[in-house]
Amino acid sequence: MTELKIPNHIAIVLDGNGRWAKKQNRPRTSGHKEGAENVVRIAKACKKFGVKTITLYAFSTENWKRPATEVGFLMDLLIKFVNSKLKELIDEDCKLNFLGDLSKLPEKTRESCTYAKEITKDNKSLTVNIALNYGGRDEIVHSFKQIIEKGYGKDDITEELISDNLYTAGLSDPDLLIRPGGEIRLSNFLIYQLAYTELYFTDVLWPDFTEDDLREAIIAYTKRDRRYGGI
């Protein structure tokens, strides 16, 4: 894929796990488990293609509305993901980071995130951001609270200052957003950062999303002309 214009940063909405399970006549939890397995597969593919950063929408601020048993399973699944996949991600030189209000996560889940972030902090080939208890509007509120707490006044407010106080501070904005699962909306994901991002939607459910599907998304991206408001 050296002839293609590879996006530096890809954001992905991990959508379709429940519908995938329903198609398989299996419980929704099996779809979430398979979706977690696919995170590593797609991370490896991104590294192979030369992508430097991926940001994955795993659990939103609205997902707490789901049945308590499903939410509990997802919190435990993250712990199991870290325990079972961390070595593989370390071997791939992946840096793990977590975006969102982690203070509301169960303590053991939060501890797993902290451990994974600390042990992979020096890895450089691919940064894998996992958005947990994340909402785009909540993030903007968080940014302004940070700005106020630091003593800035209204005349100090700039786009750069807002960006520097988002959960994604220090990261480039996504070049490409991929949403599997057939829905055509942002669902409160990175709404500040996606201002000039190229959007790609596909009916393929996340657990079925493959390296070939990723390649197709990148091919679509490379054909677009990003003018940022210019001619």
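Residues numbered from 1 in each chain as written. Predicted model: local features only at pLDDT ≥ 70, side-chain atom pairs only at ≥ 80, totals over all residues. Heavy atoms only, no water.

### Quick look at the packing of helix α2 (residues 28–49) against helix α3 (residues 68–91)
Then comes step 1: Between α2 and α3, the least distance of the axes is 10 Å, while the angle of their chain directions is 30 degrees. Classified by the angle between their axes, α2 and α3 sit roughly parallel to one another. Note that α2 runs across α3; the crossing there is right-handed. For the pair formed by α2 and α3, the contact residues are Arg28, Thr29, His32, Lys33, Ala36, Glu37, Val39, Val40 and Lys44 on the first element and Glu70, Phe73, Leu74, Leu77, Phe81, Lys85, Glu88 and Leu89 on the second. (Axes fitted to C-alpha atoms, helices over the stretch in contact; angles between N-to-C directions. Helix = DSSP H or I, 4+ residues; strand = E, 2+ residues; numbered from the N terminus. Parallel < 35°, antiparallel > 145°, perpendicular 65-115°, else oblique. Left-handed = near helix turned anticlockwise from the far one by under 90°. Contact = heavy atoms within 4.5 Å.)

### So, the packing of aromatic side chains
Then comes step 1: Under the counting rule described, the total for this entry stands at six aromatic pairs.
Then comes step 2: Each ring, one from tyrosine 57 and one from tyrosine 134, has its centre 5.8 Å from the other, and the planes form 85 degrees; the classification is edge-to-face. Taken together, the positions of tyrosine 57 in strand β2 (residues 53–60) and tyrosine 134 in strand β4 (residues 126–134) put the pair 77 residues apart, joining distant regions of the chain.
Then comes step 3: By relative accessible area, tyrosine 57 is classed as buried at 7%.
Then comes step 4: The class of tyrosine 134 is buried, set by a relative accessible area of 0%.
Then comes step 5: With a centroid separation of 4.3 Å and 10 degrees between ring planes, the pair formed by tyrosine 57 and phenylalanine 189 is classed as stacked. Of this pair, tyrosine 57 sits in strand β2 while phenylalanine 189 sits in the loop between β5 (176–179) and β6 (198–201), and the two are 132 residues apart along the sequence.
Then comes step 6: Linked through ring pairs, Tyr57, Tyr134, Tyr167 and Phe189 together constitute an aromatic cluster. (Phe/Tyr/Trp six-rings, centres within 6.5 Å; stacked < 30°, edge-to-face > 60°. Buried < 20%, exposed > 50% of the residue type's maximum accessible area, 1.4 Å probe, protein only.)

### Here's the deal with unusual backbone geometry
A negative phi holds for most residues other than glycine; trans holds for most peptide bonds.
Then comes step 1: Its identity is not glycine, yet serine 187 carries a phi of approximately 55 degrees, on the positive side.
Then comes step 2: Residue placement: serine 187 occurs in the loop between β5 and β6.
Then comes step 3: For serine 187, a relative accessible area of 30% gives the class partly exposed.
Then comes step 4: A positive phi angle, near 65 degrees, is found at asparagine 188, a position not held by glycine.
Then comes step 5: For asparagine 188, the position within the fold is in the loop between β5 and β6.

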